[in-house]
Amino acid sequence: MNNKEQHLESLSEIRSLMRESSKFISLSGLSGVSAGITALIGAAVAYFYMRDRSETVDYVQRVVGITYSDFIQFFIIDAGLVLLVATALALFFTRRKARQQNLPAWDSTSKRLLVNLLIPIVAGGLFCILMLNQGIVIMIAAAMLIFYGLGLINASKYTLGEIRWLGLIEIALGLLAAMFPRNGLLFWALGFGVMHIIYGIYMYMKYER
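These numbers were taken from a predicted model, which means no experiment stands behind them. (Residues numbered from 1 in each chain as written. Predicted model: local features only at pLDDT ≥ 70, side-chain atom pairs only at ≥ 80, totals over all residues. Heavy atoms only, no water.)

## Thoughts on the environment of Lys-157
Move 1: Take Lys-157: it is sitting in the loop between α6 (140–155) and α7 (162–179).
Move 2: Within polar-contact distance, the side chain of Lys-157 engages the backbone oxygen of Asn-154 at 2.8 Å. (Helix = DSSP H or I, 4+ residues; strand = E, 2+ residues; numbered from the N terminus. Polar contact = N/O pair within 3.5 Å; in protein donor to acceptor, adjacent residues only side chain to side chain.)

Now the structure itself:
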């Protein structure tokens, strides 16, 4: 009976190791925190930029009217800088955690994770560019949140399960942003900023502390 229990325990350990080897577990909670802080800074800069355009003109007119071309240029620069800084910090903290765990930061699992994450995100980015060309600026925040959430859910099977819940929350915030488009920047800040910080702290406390 003892031998049978030992065999079952060994099989359970083997299954656990196989599951872990098929998942990328080096994602750092600090990556989420740094990305969230970066997004909040970018959202604050965008808020003050739009507020300073005019205090008397309606938000929609301010975005898609006279200052439309200026807004497009600013939006691309601001969003691009947020993406660049957040990605660089995420890579730094992820590589550092991988070294601490003596695990590879770039292997077949991380490649599958990245591909599955990028498919919806790239599609969403192209969709947002098309909306910019059509002047549908007010719905871009909602689209970014929804496609990003889909990317997280699509990639969650290759990493820690908490990513899936973050993806669902991002989609929910995106739908709310679509329902209340004039508050799109607020929902964008909540999704990419606040939720990333909360998620990052939770992941750090659970897996890295």
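Here the narrative resumes.
## A few points about the packing of α7 against helix α8 (residues 184–208)
Move 1: Contact geometry of α7 with α8 gives a least axis separation of 10 Å together with a crossing angle of 165°. Comparing their axes, α8 and α7 come out roughly antiparallel. Viewed along their axes, α7 and α8 form a crossing whose handedness is right-handed. Seen from α7, the contacting residues are Glu-162, Ile-163, Leu-166, Ile-169, Glu-170, Leu-173, Leu-176 and Ala-177; seen from α8, they are Phe-187, Leu-190, Gly-191, Phe-192, Met-195, His-196, Tyr-199, Tyr-202, Met-203, Lys-206 and Tyr-207.
Move 2: Grouping the constituent residues of the contact of α7 with α8 by class yields 14 nonpolar, two polar and three charged. (Axes fitted to C-alpha atoms, helices over the stretch in contact; angles between N-to-C directions. Parallel < 35°, antiparallel > 145°, perpendicular 65-115°, else oblique. Left-handed = near helix turned anticlockwise from the far one by under 90°. Contact = heavy atoms within 4.5 Å. Nonpolar A, V, L, I, M, F, W, Y, C, P; charged D, E, K, R; others polar.)

## Topic: the nonpolar core
Move 1: Within the largest apolar cluster, 20 residues are counted, with the highest numbers of intra-cluster contacts made by Leu-145, Trp-188 and Phe-192.
Move 2: Elements represented by at least two residues in this core include exactly α2 (29–53), α6, α7 and α8.
Move 3: For this core, the element with the most residues is α8, which contributes seven residues.
Move 4: Formed by seven residues, the second largest nonpolar core is a distinct cluster that contains Ile-72, Met-131, Leu-132 and Ile-140. (Core = buried A, V, L, I, M, F, W, Y, C linked by side-chain atoms within 4.5 Å. Buried < 20%, exposed > 50% of the residue type's maximum accessible area, 1.4 Å probe, protein only.)

## Overview of α6
Move 1: Relative to the 22 Å expected for 16 residues at 1.5 Å per residue, α6 spans 22 Å between its end C-alpha atoms, a close match to the ideal helical length.
Move 2: Here α6 has its buried residues at Ile-140, Ala-141, Ala-142, Ala-143, Leu-145, Tyr-148, Gly-149, Gly-151, Leu-152, Ile-153 and Ala-155. (Expected span 1.5 Å × (residues − 1).)

## Looking at the side chain of Ser-31
Move 1: Within the fold, Ser-31 resides in helix α2.
Move 2: A relative accessible area of 8% places Ser-31 in the buried class.
Move 3: Ignoring anything within four residues of it in the chain, the contact list for Ser-31 reads Leu-89, Ala-90, Phe-93 and Thr-94.

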